[in-house]
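Breakdown of the fold
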There are 2 protein chains.
Amino acid sequence: MSLLSIGTVAFDALETPYGKTDKIIGGSCTYIALSAAFFVPQVNVVAVVGDDFPEEYMDMLKSKNINLDGLQIKEGEKSFFWSGKYHNNMNDRDTLITELNVLADFQPAIPTSYQGCEYLMLGNLTPQVQIDAINGLAKRPKLVVMDTMNFWMNVAMDDLKKVLKQVDVLCINDEEARQLSEHYSLRVAAKRIMDMGPKTLIIKKGEHGALLFQENKMFYCPALPLEEVFDPTGAGDTFVGGFIGYLAKTDDISFDNMRKAVVHGSAMASFCVEKFGTERLLEITEEELAGRVNEFRELARF
Amino acid sequence: MSLLSIGTVAFDALETPYGKTDKIIGGSCTYIALSAAFFVPQVNVVAVVGDDFPEEYMDMLKSKNINLDGLQIKEGEKSFFWSGKYHNNMNDRDTLITELNVLADFQPAIPTSYQGCEYLMLGNLTPQVQIDAINGLAKRPKLVVMDTMNFWMNVAMDDLKKVLKQVDVLCINDEEARQLSEHYSLRVAAKRIMDMGPKTLIIKKGEHGALLFQENKMFYCPALPLEEVFDPTGAGDTFVGGFIGYLAKTDDISFDNMRKAVVHGSAMASFCVEKFGTERLLEITEEELAGRVNEFRELARF
């Protein structure tokens, strides 16, 4: 089933207790697409980069079944750049640099060949750009999944609430759920957020796993306890990319299948953190993923 | 199977965002025994109170299949008293008052009728008192489960390490596991702690559930997301009381049965937080517990 991913393709420079990188490929859409492309034959991307974005990164993405027809390359401009440093606990991080560059006036343009897409993933972006992206599609997709972050709740809550009315699944972390709902209990928060539009809500809790809510149904997927988290960058995007990729592959959006999709997303994320940036995502084999999903099954059974 | 619980029977005064109590019955042994007695016909208690401890509380405990032959009542002395105030998030609390009173020189004396017990629960106490309790038993129990807290890691680490060598299951929270092992990753922490003695480790993560480790095996039991946490006092003791109570009832200490025991402990704890103090524990019915365990099953299946 056709899958369209809109978000950022960018440069990251990362520092963790294990080491640091120069500018490497990053961005929400990069992680989402790499993760989703593990499940479907092609992921269509809409994003923007500057002319400083290396050909080799684009070739790498294409080699992973990622279609870049919708990747705008702005001549004379620079790509979005984020730099961050993780604390020893790997849960907290400081942003060192944010250079919006091409992202500052990004207008998503949907290529004609992308029209009719059935699964739409809106990565973290300005809510107005997310609205524009939905409006750029002639036919509403079967499923619209959206990620966002606390930053937009602080500076663009009205726009954010407009997008929420148009999406099927919202994926945010626990602190964001509490901020958006103004309630501490995640169960109450989930009810309030589902009243804002999304029929389904995923609350990511990092090392504590992820919660899936729909109507009165709940699923709690634990995170696999890992000996070592090398670099958490992109884990949330990898998670949601695996989630929508699995749904698109199986083309079944029932709650029971969403449970499985959350597990597959969690398994993908558990690989992502094992190396710097996207490195580990490029190596995963079918056998490794099946093995990891089995570890989740063993972890949760009783 | 005979179950012996050693710990504190005390007064608590609690304040949560929902209200406050005067001195009510509290203490690790109280919660453990009330929870475990839900599963076995009798829980034998070793603890100490002052002569200020009301007859009605003792009658209440006895009516719940709790044997108080091992409860020392110190004439002219006062019972242990703790007072605390919870923050709005219910995860953090401030201790307002700690009066050790009778606990300051507690020497556990095991009644002859308690000898031969098969399941021993060491509630949070001075490590030296926990050692004395084990040494007070002529025959080593089939299973020794122990709770402790960061306080003893700060002031009595050597004694704590001595007890650890003698117990089968240690039950602590995530921050305590990190402190004891000096490692942030709970998976590495678990290995290091199991090297200190306990073959099995439970790491309690509050609203994020509980992890069970043994050799290379892991089980992650989620916590049931609740609409409202009224009072978290005693939830950890209720959890471990349900854990050992379930094991004693089924008399099966395999890892697979420990998975079920963790779920039953979690279910008991999820009731405990619904009212002040021990109140909710006194009302639980078999049907309610079975229903709650089913909710855990539904929450975790995929």
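Residues numbered from 1 in each chain as written. Chains lettered and ligands numbered in written order. Predicted model: local features only at pLDDT ≥ 70, side-chain atom pairs only at ≥ 80, totals over all residues. Heavy atoms only, no water.

**Concerning the interface of chain A and chain B**
How we decide: Residue contacts are defined here by distance: any two heavy atoms, one from each residue, within 4.5 Å place the two residues in contact. Buried area: the accessible surface (1.4 Å probe) lost by two parts on joining, summed over both. Salt bridges, as used here, are contacts in which a Lys or Arg side-chain nitrogen is within 4 Å of a carboxyl oxygen on Asp or Glu.
The interface is formed by 33 residues belonging to chain A together with 33 residues belonging to chain B. Each partner contributes to the roughly 3300 Å² buried at the junction of chain A and chain B, and carbon and sulfur atoms together form 54% of this total. It is Tyr220, Glu227 and Phe302 of chain A in chain A that bury the most area against chain B; as a group they hold 25% of the surface buried on that side. For the interface between chain A and chain B, the tally reads 8 salt bridges. Between Asp256 of chain A and Arg301 of chain B there is a salt bridge, with the nearest N and O atoms lying 3.1 Å from each other.

**Some points on helix H9 (residues 255-272) of chain A**
To keep things clear, this is the line we draw: Only DSSP runs of H or I reaching four residues or more are called helices, and only runs of E reaching two or more are called strands; each is numbered from the N terminus. Expected helix span is taken as 1.5 Å per residue step, with the number of steps being one fewer than the number of residues. Categorising residues by exposure relies on relative accessible area from a 1.4 Å probe, with only protein chains included: less than 20% of the type maximum marks a residue as buried, more than 50% marks it as exposed, and the intermediate range marks it as partly exposed.
For H9 of chain A, with 18 residues, the first-to-last C-alpha span of 25 Å sits near the 26 Å given by 1.5 Å per residue. With 16 of its 18 residues buried, H9 of chain A lies for the most part within the structure.

**Quick word on the pairing of strand S10 (residues 143-147) of chain B**
All names here are of chain B. Note the following rule: Strand pairing is defined by DSSP finding a minimum of two bridges between the two strands. Orient the strands so they point away from the viewer; a crossover is then right-handed if the path from the first strand over the helix to the second runs clockwise.
Counting buried residues in S10 gives 5 out of 5 residues, a clear majority hidden from the surface. Bridging between strand S9 (residues 119-122) and S10 involves 4 bridges; their strand directions are parallel. By the bridge assignment, Leu120 is partnered in S10 with Val144. Read from S9 through helix H3 (residues 127-135) to S10, the crossover connection turns out right-handed.

**Description of the relation of the copies chain A and chain B**
We apply this condition: Here the copies are matched by least squares. The fit uses the C-alpha atoms of residues with pLDDT of at least 70 in both.
Overlaying chain A on chain B yields an RMSD of 0.0 Å, the required transformation being a rotation through 180° with an accompanying axial translation of 0.0 Å. Viewed as a symmetry operation, the transformation between the two copies matches a two-fold axis. Looking at the rotation axis and the C-alpha trace of chain A, the residue lying nearest is His208 of chain A, at 2.9 Å. When the interface residues of chain A are mapped onto chain B, 100% of them are again interface residues, pointing to one common binding face.

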